[in-house]
Amino acid sequence: MGTVSTFTRLIALCVVLQGILLKETESSSTGGNTNNVFGKRLVQPLYCSSDQVLVEDSRYRSTQVRSKLECVGECRRDPNCRSVVFDVDLKVCHLGDAKAAEDCSNMNTAASPSLSFYQEPPPCGDKETMGPLGLCVCAPGYTGVPCQKYLHDCSDVQRNGEWQDTYTISPLQAPSPFQVNCRRVSSTRTYILDRRRTAESFTRSWQDYRDGFGSLDDDYWIGLENVHALTVDRDQELRVNIKVQNNSNYLLSYQNFRVSDEGSGYRLYFNTSALNSDNDCLEPLHGVRFSTYDHDRDGSGAVNCAERKKGGFWFSGSTCSVCNPMGVLYQPTSGRKLGVEGEATWDSLVGDVAIFKISMYLIPMLV
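Residues numbered from 1 in each chain as written. Predicted model: local features only at pLDDT ≥ 70, side-chain atom pairs only at ≥ 80, totals over all residues. Heavy atoms only, no water.

A. Spatial organisation of the state of the cysteines. Summed over all chains, the structure comprises 6 disulfides. Here Cys48 connects covalently by a disulfide to Cys104, the sulfurs 2.0 Å from one another. On the sign convention where negative is left-handed, the bridge of Cys48 and Cys104, at about -105° about the S-S bond, is left-handed. Separated by 56 residues along the polypeptide, Cys48 in the loop between strand S2 (40-41) and strand S3 (52-54) and Cys104 in the loop between strand S6 (92-96) and strand S7 (107-109) bring together distant segments of the chain. Here Cys48 matches Cys104 in class, with each residue buried. Between Cys154 and Cys182 runs a disulfide, and the two sulfur atoms are separated by 1.9 Å. On the S-S bond that ties Cys154 to Cys182, the torsion sits near -75°, and the link is left-handed. Of this pair, Cys154 sits in helix H3 (residues 154-159) while Cys182 sits in strand S14 (residues 178-184), placing them 28 residues apart in sequence. According to the relative accessible area criterion, Cys154 is buried, its value standing at 0%. (Disulfide = S-S within 2.5 Å. Helix = DSSP H or I, 4+ residues; strand = E, 2+ residues; numbered from the N terminus. Buried < 20%, exposed > 50% of the residue type's maximum accessible area, 1.4 Å probe, protein only.)

Here you go:
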């Protein structure tokens, strides 16, 4: 009984050692990647059906092998080999001089489920890596076509040690890359609103406010969809900078500023800062949906606030808001508000003083 038990344990130990040896052999030749075999990496092209193999016309040599591992070794030793078709039942390795076309036009349905296909991955650039479908994709930290350094906002520009006024950024949730103004003062700023002149009309449709309008060289609004993308994946502080006639500045700060997606109406969320007054006009608008003249979401059936205020904003109820940064910039010579409907205002901060310039920008919060 003891002899049998000892013999059984020895057999089990041999099996374990054989498995360890095989694993170490594969790892040493692949750098730990089981898709690398004897120095050549072969992958299944997942953009084709899993039951497809290379057409016979593109197979130039067949040889008897003991395993898939040995089949790939045959490909490694042959400089003409680009792919293999392996028959696990017959233990036959068919070497191919082509890879699967992107439209899989040189692939056929396998005659037997015992056949499988593997090929060289495409050569990837220095900003790319192998994707799950066997195709090159942008490496972490890069995005776009061709792959470019991923910039979520203007603070990433500063970390890269570069600087210019305008950059193309690509927040992960953005529908496409877009341009922004970046300014570096005491901190790096991503401008979402900039109003300095009176020529650009802010009486705009929902689509305009969603997608953005204006010129980065002049007055512009970056767009609700882009503001959502900038704030959904990174904690941001919103700063509102208001200038009046004598060039005096008024500054407000809103921490954890975030705008929800279009499906929920681009709702406004934030925490106020000690910089702001107790009766800040934005405070009552927390959680409110964005409104335009053609997309009235102010919650009042008696008035269309965006139409009355001559610009889109987060309005609430029949009183709308005493914040109206998208209203008309009259820039009167007297420096005092005209008191007309639709005038750009931030009454809780500047009172009867007329707004001459207003900007909103984002700064990533320190963690």
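Alright, that's what it looks like, and here's the rest.
B. View of empty space enclosed by the protein. Scanning the model with the defined rule gives 3 cavities of 30 Å³ or more in all. One number sums up the size of the largest cavity: a volume of about 80 Å³. As for the largest cavity, its lining consists of Gln44, Pro45, Leu46, Cys48, Ser49, Ser50, Gln52, Met107 and Phe117. Looking at the lining of the largest cavity residue by residue, the classes come out as 5 nonpolar, 4 polar and no charged. (1 Å grid on protein atoms, 1.4 Å probe; cavity = no way out; pocket = protein on both sides within 12 Å on 5 of 7 lines; lining within 4 Å. Points joined across faces, edges and corners; volume = space filled by probe spheres on them. Nonpolar A, V, L, I, M, F, W, Y, C, P; charged D, E, K, R; others polar.)

C. Molecular detail of the sheet that holds strand S4 (residues 59-64). Here we have 4 strands laid out as an open sheet, ordered S4-S6-S5-S8, and antiparallel in their pairing. The open sheet is flanked by S4 and strand S8 (115-119), the only strands paired with a single partner. Strand after strand, the sheet turns through a mean of 20° between neighbouring axes, direction not considered. Relative to S6, S4 is paired through 5 bridges, and the arrangement is antiparallel. Note on S6: the bridge partner recorded for Arg59 is Gly96. (Pairing = 2+ DSSP bridges. Axes fitted to C-alpha atoms, helices over the stretch in contact; angles between N-to-C directions.)

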